[in-house]
Amino acid sequence: MPTDIIMPQMGESIVEGTITKWLKKPGDKVQRDEPLFEISTDKVDAEIPSPAAGVLQEIKVAEGTTVGVNTVVGTIAVDGEATAAPAKIAPTPSTTKEETKEEKKASFAPPPVPTANAVPAPASVSSDDEEARSSPLVRKIAREHGVRLSQVTGTGLGRRITKQDIMSFIERQSPSAAPVPAAPAEVPSASRPATPAAPPPYPGDLVPMTQMRKIIAQRMIESRRTSAHVHCMYEVDLTRVVALRNKHKAAFEQRHGVRLTFMPFFVRAAIIAIQQWPIVNASLEGENIRYHRNINMGIAVALDWGLIVPVLKNSGDLNFLGLQRGVTDLGERARTKKLKPEDVEGSTFTVTNPGQFGAVFGLPIINQPNSAIMGVGGITKMPLVVTDKDGNDSIAIRSVVHLTLGYDHRIIDGAVADQFMAVVKKTLENWSEEIG
């Protein structure tokens, strides 16, 4: 018997998932636990392994389709059974139920009776039309209205031409002004300007949002509507940290097998500041403030297909090496789609790093239900006034970073936010901890 491939439940609160990509096609051999398809949920994007070894016999759910957990999305047959039935692939999501029903009717319907205003159908269909991605219903409508499908822009998956696409095109091409009735013979008829036709769609590709992009959009708007966003920015002399990293990064990687980055320095400085100002690690629950016992540090990770915030749990209990290992692990698993739902839940404070792409600083949106987020700008060399221990001033070239704190003014006052950032600044400028 073939083995069913089901949509897994990626966490207790997750009830559905979207298949974003099949990594195999019907007829391909697969090994047990080999990545078979990719899904996107409201928590994570993940690769789903094959439940058995054999041949992918049928894809029941097409890319771009959202289904509930435990839905059978395909089947795998063992090698001996693979030839028992032809390999099948599900129709693309743009083939709607309405189209499917109408297509069945179209195959048995008599030819339409021509009317006075009908456009004669072309005698033959070009190869371009035959090759256009469309359903039988769409091709039938095109023939009836004398439309070449190569002229129609498809908005379905893979630029497939949907019923709506062809109907909209026909509507735009039809005459927009009704005939003007004849005036009495003794009165000359006035010419009436035709109503201008609807403008054509803007040039370019119309691409549906991915599931992750929809979730990001929803959460950003929700955060803006929920929190009273305020930002403060601090300039930090990072020369000491830069010199320390440059001195130890080769030995650190050789000793521990992990690269030494700047992120754990900023995370550790934030932890020290949170320990002095725990309200920054709190969250609002109705008319109450939840002071969290643990510091669960959200680390924003930029991906080619979006943004995700995995969480380094109990980060206040980790030493510098533990922070570096945790940050590296979360980043690698985010980029390879190996995160689990629990890896992106429970953050109490977030650090984001737009500076890695060259930004001087950013004004990040709070990651709900956090009350604050710290943005790390780019590290650049610039002239600064430096005061020595005797009080003498001089101008020197220093490595500088601009840190921004976005905070919810409903529970964090400006004075508290500034004092929090003053601790972060002092910790980084006078770094004294061992880095391992």
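Our structure's up above, just so we're on the same page.
Parameters at a glance
Residues numbered from 1 in each chain as written. Predicted model: local features only at pLDDT ≥ 70, side-chain atom pairs only at ≥ 80, totals over all residues. Heavy atoms only, no water. Buried < 20%, exposed > 50% of the residue type's maximum accessible area, 1.4 Å probe, protein only. Helix = DSSP H or I, 4+ residues; strand = E, 2+ residues; numbered from the N terminus. Pairing = 2+ DSSP bridges. Expected span 1.5 Å × (residues − 1). Patch = residues over 30% accessible without salt bridge, like charges linked within 9 Å, V, L, I, M, F, W, Y side chains within 5 Å. Areas by Shrake-Rupley, 256 points an atom, 1.4 Å probe, with all protein chains shown as cover. Salt bridge = Lys/Arg side-chain N within 4 Å of Asp/Glu carboxyl O. Axes fitted to C-alpha atoms, helices over the stretch in contact; angles between N-to-C directions. Contact = heavy atoms within 4.5 Å. Phe/Tyr/Trp six-rings, centres within 6.5 Å; stacked < 30°, edge-to-face > 60°. Core = buried A, V, L, I, M, F, W, Y, C linked by side-chain atoms within 4.5 Å.

### Examining the pairing of strand 6 (residues 54–59)
Part 1 of the reasoning: Judged by how many residues are buried, strand 6 sits mostly within the fold: 6 of 6 residues are covered.
Part 2 of the reasoning: Where strand 3 (residues 29–30) and strand 6 come together, 2 bridges link them in antiparallel fashion. Bridge pairing in strand 6 links V30 to G54.
Part 3 of the reasoning: Where strand 6 and strand 9 (residues 88–89) come together, 2 bridges link them in parallel fashion. Residue pairing in the sheet places I59 in a bridge with I89 of strand 9.

### Let's talk about helix 7 (residues 263–276)
Part 1 of the reasoning: Given a rise of 1.5 Å per residue, 14 residues ought to cover 20 Å, and the 20 Å separating the end C-alpha atoms of helix 7 matches this to within 8%.
Part 2 of the reasoning: Counting buried positions along helix 7 gives 12 out of 14 residues, so the element sits mostly inside the fold.
Part 3 of the reasoning: Looking only at helix 7, the buried set comprises M263, P264, F265, F266, V267, R268, A269, A270, I271, I272, A273 and I274.

### Regarding a nonpolar patch on the surface
Part 1 of the reasoning: Together, M233, V360, F361 and L363 make up a nonpolar patch on the protein surface, roughly 370 Å² of accessible area in all.
Part 2 of the reasoning: Here V360 lies in the loop between strand 17 (349–352) and strand 18 (372–376).

### So, the sheet that holds strand 7 (residues 66–68)
Strand-to-strand pairing in sheets goes through backbone hydrogen bonds, with the strands running parallel or antiparallel.
Part 1 of the reasoning: Spatially, 4 strands are ordered 5-4-2-7 in an open sheet, and the strand pairing comes out antiparallel. Every other strand in the sheet has two partners, leaving strand 5 (45–49) and strand 7 as the edge strands with one partner each. Each neighbouring strand pair of the sheet contributes to a mean axis angle of 40°, computed without reference to strand direction.
Part 2 of the reasoning: Here strand 4 (residues 35–40) runs beside strand 5; their pairing, made up of 5 bridges, is antiparallel. When the sheet's bridge partners are listed, E38 is paired in strand 5 with E47.

### A few points about the environment of P354
Part 1 of the reasoning: Assignment of secondary structure puts P354 in the loop between strand 17 and strand 18.
Part 2 of the reasoning: Sequence-wise, P354 and A300 are 54 residues apart; in three dimensions their C-alpha atoms are separated by 9.4 Å.
Part 3 of the reasoning: Those residues in contact with P354 that sit more than four places away from it in its chain are A359, G362 and V376.

### Section: the side chain of T41
Part 1 of the reasoning: Within the secondary structure, T41 is located in the loop between strand 4 and strand 5.
Part 2 of the reasoning: Since its relative accessible area comes to 4%, T41 is described here as buried.
Part 3 of the reasoning: Dropping the residues within four chain positions of it, T41 is found in contact with I14, E16, G17 and I215.

### A word on the packing of aromatic side chains
Part 1 of the reasoning: Summed over all chains, the structure comprises 6 aromatic pairs.
Part 2 of the reasoning: On the numbers, 4.9 Å between centres and 40° between planes, the contact of W22 with F37 is tilted. One end of the pair, W22, is in strand 2 (residues 16–22); the other, F37, is in strand 4, and 15 residues separate them in sequence. Here W22 and F37 have matching classes, each one buried.
Part 3 of the reasoning: Aromatic rings pair up to connect F252, F265, F320 and W431 into one cluster.

### Examining the nonpolar core
Part 1 of the reasoning: Counting residues in hydrophobic clusters, the biggest one holds 78 residues, and the most contacted among them are M297, F349, M374, L403, L405 and L428.
Part 2 of the reasoning: The element best represented in this core is helix 7, accounting for 10 residues.
Part 3 of the reasoning: The contact partners of M374, leaving out residues within four places of it in the chain, are F266, A270, F349, T350, V351, T352, L403, T404, L405, M421 and V424.
Part 4 of the reasoning: If you look at the next biggest cluster of nonpolar residues, it comprises 10 residues, including V138, L149, V152 and F169.

### Some thoughts on the pattern of salt bridges
Part 1 of the reasoning: Under the criterion given, the structure shown has 12 salt bridges.
Part 2 of the reasoning: D28 is the partner of K25 in a salt bridge, and the nearest nitrogen-oxygen pair spans 3.6 Å.
Part 3 of the reasoning: Judged by its relative accessible area of 54%, K25 falls in the exposed class.
Part 4 of the reasoning: In this structure, E433 and R268 form a salt bridge, with 3.0 Å as the shortest nitrogen-oxygen distance. In this pair, E433 sits in the segment after helix 9 (414–429) while R268 sits in helix 7, placing the two residues 165 residues apart along the sequence.
Part 5 of the reasoning: Residues joined by salt bridges that share partners form a network here, namely D329, R333 and D343.

Note that all results are geometric; they support no functional claim without further evidence.
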